[in-house]
Amino acid sequence: MKKAVWILGDQLSMKSSSLAAIAAGTDLVLMIESLERAREHNYHKAKLMLLYSAMRHFKLELEDAGYTVHYDELGEGKNFLQGLKAFVKTNGVTELAIMQPAEAAADAFVHGLSQGIGIPVAITPNNMFLTPREAFIAKHRGKKHLVMEHFYRDMRRNLHVLMTPQGEPEGGVWNLDKENRNPIKTKISIPALPQFKKDSIDLEVETVVNQYFKNNFGTTANFNLPTTRLGAEIFFDHFITHRLPLFGDYEDAMLQSELVLFHSFVSPLVNIGLLDVMTLVRRVEAEYHQGRAPLNAAEGFIRQLIGWREFMYGCYWTKMSAGNYHDENFLEATRALPPFYWTGDATILSSGSRKMNCISQCVLKVREHGYTHHIERLMVLGNFALIAGVRPSEINDWFWECYLDAYDWVVTPNVVGMSQFADGGFVATKPYAASANYISKMSDYCSHCRFDKNAKTGETACPFNYLYWDFYMRNESKLRKNPRIGMAYVLLDKKSPEEKSDIAASAQKFFDGL
Ligand SMILES: Cc1cc2nc3c(=O)[nH]c(=O)nc-3n(C[C@H](O)[C@H](O)[C@H](O)COP(=O)(O)OP(=O)(O)OC[C@H]3O[C@@H](n4cnc5c(N)ncnc54)[C@H](O)[C@@H]3O)c2cc1C
Ligand code: SF4
């Protein structure tokens, strides 16, 4: 009897349940880089670099811990099934363990694997998440709308995070989001990210990625993320010391010249298992208790991890267990994704060749770094696709391919659900649609833009302004009855027929010129 475990690229945790199912000295570990899988999408080069370099470093970590690892490097014609079959045959493996994959396609593959490789396959629970997905599905199956806040409060109680001994939330309130919406309008000092020097494995992987994926989106030139667990811990420590205290205050702020501001940038590392969610949560909680981080920062950060992250995972699996979340399109949006999501040049010919500065700058950030923070995703790039009526599956694929932290289980509920409202409000209570007013309030993008953020219609008007109202007019039959959107229709009803027709005409001219 020869046992082995197959570790997927987003399961780089020493605590994974599949590793616990084997013995370090005698059993085997398999890791595979599949060229066929990587070529299914036009993934950002830096995303592939992070994944493969972190996998190769994880192999060394496993070997240091006494495991024997068989590692299949990228190569033409290589895929998972062929790699698994060869491994089983060469090593006489009689039983394979795999931790339940987080993504549905991989999960389906693993469930059919035993037949493909001719030996029993044991699937162990995915312990990189705090909430077993089966429990989440059982509780929420069949519901039309879920509320993250309810889930989050349960998580705080169950995990006893930021709770008083009396069972009350620290500070007497559950959620301090209202305190976390300050723009940055004066000069403040924003800490630089720590710099990581590429080691020989990073450099080797960088060469390989640029060889196999030379025509993919993005670049590896600005790659500056850790690819080892120790590096990831140093990266997080730096956030705790330098950025956490103001994380809450400026969580929603955007600046053209800044990528990360006071965010953590840990999602690419957490999502592949280099950082463990509860370790991060307890660290942040301790910072609050020791007086080094205010409650709005600690609560805000913890809510993202044990609230939004876990909730999105559960929502994804609830949807995927009942159909295909990718195909949902509640608003029946059919427009193709404009090419400027790839080029970063959002020049609108029909508007006197003015460039939409916020969109162009955000796309350039994505191209150079594979990252923008949450508000730029939601209120600039996602917001535009929503109000322009872009097909949800197209913008979902774009986010999936272009961001370093994007995996199906997290990108799809965030894009199809939260950002595009394509699930009809399963994840979000209302569409995140906004005009230039919001972008101008929360950023400095508009002060670098030739569009007029105050004009409502016409050639010089910011397209967000008329597309916003055009969105509500186009989707009236689906949205008017939603009580959370009532105010938009109260305001729309106050507009004269001429104003409405100017809005529709400006929007049409914009679309014709795309
Ligand atoms: C349109 C859109 C697409 C998104 N795509 C992804 C994606 O592909 N991968 C991804 O991990 N997140 C995605 N998010 C969620 C969120 O924007 C990112 O997790 C966050 O911006 C990552 O940056 P950070 O690590 O600096 O986050 P911080 O602001 O520092 O937050 C801390 C952590 O909380 C977690 N988190 C926060 N919000 C969410 C959320 N809504 N869903 C899941 N986890 C969350 C992340 O793990 C993050 O690292 C998306 C959001 C939107 C609106
Ligand atoms: S005016 Fe502001 S919101 Fe409008 S396109 Fe320009 S930067 Fe974006």
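Residues numbered from 1 in each chain as written. Chains lettered and ligands numbered in written order. Predicted model: local features only at pLDDT ≥ 70, side-chain atom pairs only at ≥ 80, totals over all residues. Heavy atoms only, no water.

Caption draft 1: Highlighting the overall build of the protein. For the protein, the helix and strand inventory stands at 23 helices and 7 strands. For a compact globule of 514 residues, the expected C-alpha radius of gyration is about 24 Å, and the protein comes in at 24 Å, within 12% of that figure. Considered along the principal axes of its C-alpha atoms, the protein spans approximately 80 × 55 × 50 Å. Residue burial in the protein is summarised as follows: out of 514 residues, 57% are buried. Looking at the protein alone, contacts between residues at least 24 apart form 76% of all its contacts between residues at least 6 apart. For the protein, the exposed surface amounts to about 21,000 Å²; the carbon and sulfur share of it is 53%. Looking at charge distribution, the protein has the averaged site of its 56 positive side-chain charges lying 3 Å from that of its 58 negative ones. (Helix = DSSP H or I, 4+ residues; strand = E, 2+ residues; numbered from the N terminus. Rg over C-alpha atoms; globule rule 2.2 N^0.38 Å. Buried < 20%, exposed > 50% of the residue type's maximum accessible area, 1.4 Å probe, protein only. Contact = heavy atoms within 4.5 Å. Areas by Shrake-Rupley, 256 points an atom, 1.4 Å probe, with all protein chains shown as cover. Lys, Arg positive; Asp, Glu negative; His and termini not counted. Charge placed at Lys NZ, Arg CZ, Asp CG, Glu CD.)

Caption draft 2: The state of the cysteines, seen in detail. The final tally for this structure, using the stated rule, is 0 disulfides. Cysteine Cys362 is unpaired, with the sulfur of Cys358 as its nearest cysteine sulfur at 6.5 Å. (Disulfide = S-S within 2.5 Å.)

Caption draft 3: Quick peek at the layout of surface pockets. Its volume calculated, the second largest pocket comes out at about 750 Å³. Looking at the second largest pocket, it is lined by 36 residues, and the ones nearest its centre are Arg37, Glu40, Phe80, Glu103 and Ala106. Split by residue class, the lining of the second largest pocket holds 23 nonpolar, 5 polar and 8 charged. (1 Å grid on protein atoms, 1.4 Å probe; cavity = no way out; pocket = protein on both sides within 12 Å on 5 of 7 lines; lining within 4 Å. Points joined across faces, edges and corners; volume = space filled by probe spheres on them. Nonpolar A, V, L, I, M, F, W, Y, C, P; charged D, E, K, R; others polar.)

Caption draft 4: Structural context of the site of ligand 2. In the vicinity of ligand 2, the contacting residues are Met356, Cys358, Ala436, Ile439, Tyr445, Cys446, Cys449, Phe451, Lys453, Cys462 and Phe464. Using a 2 Å cut-off from the grid points, one finds that ligand 2 occupies the largest cavity. Residues belonging to the shell around ligand 2 are distributed by class as follows: 10 nonpolar, no polar and 1 charged. (Near = heavy atom within 4 Å. Sits in = over half its atoms within 2 Å of the grid points.)

Caption draft 5: Examining the side chain of His57 more closely. Among the structural elements, His57 can be located in helix α2 (residues 45–64). Given a relative accessible area of 9%, His57 falls into the buried group. Leave out the neighbours within four places in its chain, and His57 touches Asp199, Ile201, Asp202, Thr227 and Thr228.

Caption draft 6: Broad picture of helix α9 (residues 229–242). Its 14 residues place the ends of α9 20 Å apart at the C-alpha level, agreeing with the 20 Å of an ideal helix rising 1.5 Å per residue. Looking only at α9, the buried set comprises Arg229, Gly231, Ala232, Phe235, Phe236, His238, Phe239 and Ile240. Packing partners of the buried residues in α9 comprise α2, α10 (244–247), α11 (267–270), α12 (277–289) and α13 (295–320). (Expected span 1.5 Å × (residues − 1).)

Caption draft 7: Main features of empty space enclosed by the protein. Scanning all chains against the criterion turns up 2 cavities of 30 Å³ or more. Its volume calculated, the largest cavity comes out at about 110 Å³. Listed by contribution, the elements that provide at least two residues to the lining of the largest cavity are α15 (357–369), α19 (436–442) and α20 (463–474). In terms of residue class, the lining of the largest cavity is made up of 11 nonpolar, 1 polar and 2 charged.

Caption draft 8: Representation of the packing of aromatic side chains. This model, assessed by the stated rule, comprises 40 aromatic pairs. Here the aromatic rings of Phe136 and Phe151 are separated by 5.5 Å at their centres, their planes lie at 65 degrees, and the arrangement is edge-to-face. Of this pair, Phe136 sits in helix α6 (residues 133–140) while Phe151 sits in helix α7 (residues 148–159), placing them 15 residues apart in sequence. Phe151 sits in the buried class, given a relative accessible area of 10%. Between the aromatic rings of Tyr313 and Trp409, the centroid separation amounts to 5.6 Å while the plane-to-plane angle is 85 degrees, which identifies the pairing as edge-to-face. Within this pair, whereas Tyr313 is found in helix α13, its partner Trp409 is found in helix α18 (residues 408–419), the two being separated by 96 residues in sequence. The exposure classification of Tyr313 matches that of Trp409, with both residues buried. The ring of Tyr432 carries Lys430 above its face, with NZ or CZ at 5.5 Å from the centroid. (Phe/Tyr/Trp six-rings, centres within 6.5 Å; stacked < 30°, edge-to-face > 60°. Lys NZ or Arg CZ within 6 Å of the ring centre and 35° of its normal.)

Don't take any of this as a statement about function, it's just geometry.
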